[in-house]
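# Examining the three-dimensional arrangement
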Amino acid sequence: MLAIALLLASAGLSAEPAAKPLTNEGRAGDLMILQLWSDKPDEFLTEWSKPTPPHLRTTTRIERNKPITAFIIFAGCKADASGKCNLKGNVEFRDPDGQIYGDRKDVDIWSGPPIDGYNLRLSPVSPAMIIEDGEKLGDYTVRITITDRNADVTATTEERLTVVEAVAN
């Protein structure tokens, strides 16, 4: 083990396991969720409505006082006896110090028919964030947890949004 640690150290690597990276995709059972962020939500929606494949403009970097919007995309929800999915979600924002900046609980993510196979559906829910003057700059973490209540599975995704000072015009 010491030899492995020395080899890793000489290669600039650590023998310690790396921290789990954030991922904007989550899976549980057949449920797949994805959070994509855009500073141009109207363009995103226009592209989404076009034939496959859309060219979605996304970003995880935003300037102070400018909004950024999340788009929750999912597939694989299970229908109940009436033919409807029942997806509920929690959205949690954490500031650069790891403190809760805001949250929404038990949000109706989707209550409608499932999509065929693993085609993707866009939730009508679009959380947004704007960091105003006097608020912290840096990396904010957004955790979205969605439960398929019919399938009794929960998928989680996390994304890091970097907020920088606005550029003077």
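Residues numbered from 1 in each chain as written. Predicted model: local features only at pLDDT ≥ 70, side-chain atom pairs only at ≥ 80, totals over all residues. Heavy atoms only, no water.

### Digging into the sheet that holds strand 5 (residues 87-94)
Read from one edge to the other, the open sheet built from five strands follows the order 3-10-9-5-6, with strand pairing classed as mixed. The open sheet is flanked by strand 3 (61-63) and strand 6 (100-110), the only strands paired with a single partner. Each neighbouring strand pair of the sheet contributes to a mean axis angle of 25°, computed without reference to strand direction. Looking at chain direction, strand 5 and strand 6 are connected through seven bridges and run antiparallel. Along strand 6, the bridge assignment pairs phenylalanine 93 with glycine 102. (Pairing = 2+ DSSP bridges. Helix = DSSP H or I, 4+ residues; strand = E, 2+ residues; numbered from the N terminus. Axes fitted to C-alpha atoms, helices over the stretch in contact; angles between N-to-C directions.)

### A short note on the layout of surface pockets
In this model, the largest pocket occupies a volume close to 150 Å³. Taken together, the residues that form the lining of the largest pocket break down as 10 nonpolar, three polar and four charged. (1 Å grid on protein atoms, 1.4 Å probe; cavity = no way out; pocket = protein on both sides within 12 Å on 5 of 7 lines; lining within 4 Å. Points joined across faces, edges and corners; volume = space filled by probe spheres on them. Nonpolar A, V, L, I, M, F, W, Y, C, P; charged D, E, K, R; others polar.)

### Observations concerning the nonpolar core
Core analysis: the largest hydrophobic core is formed by 28 residues, its most contacted members being Leu31, Trp37, Leu87, Ile109, Met129, Val142 and Ile146. Taken together, the elements giving at least two residues each to this core come down to strand 2 (31-38), strand 4 (68-75), strand 5, strand 6, strand 9 (138-148) and strand 10 (153-164). Counting residues in hydrophobic clusters, the runner-up holds eight residues, among them Leu34, Phe44, Phe71 and Ile73. (Core = buried A, V, L, I, M, F, W, Y, C linked by side-chain atoms within 4.5 Å. Buried < 20%, exposed > 50% of the residue type's maximum accessible area, 1.4 Å probe, protein only.)

### So, the state of the cysteines
In this structure the tally under the stated criterion is one disulfide. Covalently, cysteine 77 is tied to cysteine 85 through a disulfide, its sulfur atoms 2.0 Å apart. Looking down the S-S bond of the cysteine 77 and cysteine 85 bridge, the torsion is 70°, so its handedness is right-handed. Judged on exposure class, the residue cysteine 77 and its partner cysteine 85 are both buried. (Disulfide = S-S within 2.5 Å.)

### Some thoughts on the pairing of strand 10
Where a strand is regular, its side chains alternate between the two sheet faces. Of the pairings in the sheet, the one linking strand 3 to strand 10 comprises three bridges and is parallel in character. Residue pairing across strands places isoleucine 62 opposite valine 163, the latter belonging to strand 10. Pairing analysis gives 11 bridges linking strand 9 to strand 10, with the strands arranged antiparallel. If you follow threonine 141 over to strand 10, its bridge partner there is arginine 160. The antiparallel pairing of strand 9 with strand 10 creates a hairpin that spans four residues between the two strands, and aspartate 152 there sits at a positive phi of about 60°.

### Focus on the packing of aromatic side chains
For the coordinates displayed, the defined rule picks out four aromatic pairs. Their ring planes at 45° and their centres at 5.9 Å tell us that phenylalanine 74 and tryptophan 110 sit as a pair that is tilted. Pair noted here: phenylalanine 74 is in strand 4 and tryptophan 110 is in strand 6, with a separation of 36 residues, a long-range link. Residue classification places phenylalanine 74 among the buried residues on the basis of a relative accessible area of 3%. Ring centres of tyrosine 101 and tyrosine 140 lie 5.4 Å apart, and the angle between their planes is 75°; on these two criteria the pair is classed as edge-to-face. Taken as a pair, tyrosine 101 in strand 6 and tyrosine 140 in strand 9 lie far apart in primary sequence, 39 residues in all. Note on tyrosine 101: relative accessible area 32%, which makes it partly exposed. (Phe/Tyr/Trp six-rings, centres within 6.5 Å; stacked < 30°, edge-to-face > 60°.)

### Points about the pattern of salt bridges
Any two side chains of opposite charge can pair, on the condition that their charged atoms come close. Scanning the model with the defined rule gives 12 salt bridges in all. Its salt-bridge partner being lysine 136, residue aspartate 97 comes within 2.7 Å of it at the nearest N-O pair. Taken as a pair, aspartate 97 in the loop between strand 5 and strand 6 and lysine 136 in the loop between strand 8 (128-129) and strand 9 lie far apart in primary sequence, 39 residues in all. Residue glutamate 158 pairs with arginine 143 through a salt bridge whose shortest N-O separation is 2.6 Å. Of the two residues, glutamate 158 is situated in strand 10 and arginine 143 in strand 9; the sequence distance between them amounts to 15 residues. For arginine 143, a relative accessible area of 37% puts it in the partly exposed group. Via salt bridges that share partners, Asp95, Asp97 and Lys136 belong to a single interconnected network. (Salt bridge = Lys/Arg side-chain N within 4 Å of Asp/Glu carboxyl O.)

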